[in-house]
Amino acid sequence: MPTTEEKIQQQIDENPVIIYMKGTPKFPQCGFSGHAVKFLSETGIDYAYVNVLESPSIYERLPAFSQFPTFPQVFIGGELVGGSDIVEELAANGELVPMMQAAISAS
């Protein structure tokens, strides 16, 4: 049985773009998660998500794994990008779509 950290790493490895969030893209359960999903969804590019409220072990372990204390956490191409503020900034300066496309192309 894989450890929680191994499960997280597998999710990141298998999904070029993944957001660990509170709730789901259709029903975010925190403003920051909703904000990040808005910008990811506006790209029109598919992404995966994990509802950390339904995965208590991931909710508990991800901050130590990623060295990032809050949710949401967005990973693109296997790398932590950051939370909703960073995703918004990348969208505003035109970097989000190319980053997501590059990660998907590389997968």
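Before going into details, it helps to say that this report is about the structure given with it. Predicted model only: the values in this text are computed from it and were never measured.

### Here's the deal with unusual backbone geometry
Between Phe71 and Pro72 the backbone carries a cis peptide bond, its omega angle lying at 5 degrees. Relative to the helices and strands, Pro72 resides in the loop between helix H3 (56-66) and strand E3 (73-76). The phi dihedral of Gln67 falls on the positive side, at around 60 degrees, and the residue is not glycine. Its place among the elements puts Gln67 in the loop between H3 and E3. The exposure class assigned to Gln67 is exposed, which follows from its relative accessible area of 67%.

### A short note on the pattern of salt bridges
Applying the stated criterion to the full structure yields 2 salt bridges. The residue Glu5 makes a salt bridge to Arg61 at a minimum N-O spacing of 3.7 Å. You can see Glu5 sitting in helix H1 (residues 4-14) and its partner Arg61 sitting in helix H3, a full 56 residues away along the chain. Since its relative accessible area comes to 34%, Arg61 is described here as partly exposed. Across the pair Lys38 and Glu42 runs a salt bridge whose closest N-O atoms are separated by 3.2 Å. With Lys38 and Glu42 both in helix H2 (residues 31-42), this residue pair falls 4 residues apart, about one helical turn. Taking the relative accessible area as the measure of exposure, Lys38 reaches 41% and is therefore partly exposed. Given the relative accessible area of 54%, Glu42 is considered exposed.

What counts, and where the lines are drawn
Residues numbered from 1 in each chain as written. Predicted model: local features only at pLDDT ≥ 70, side-chain atom pairs only at ≥ 80, totals over all residues. Heavy atoms only, no water. Helix = DSSP H or I, 4+ residues; strand = E, 2+ residues; numbered from the N terminus. Buried < 20%, exposed > 50% of the residue type's maximum accessible area, 1.4 Å probe, protein only. Salt bridge = Lys/Arg side-chain N within 4 Å of Asp/Glu carboxyl O.

None of this, on its own, says anything about what the molecule does.
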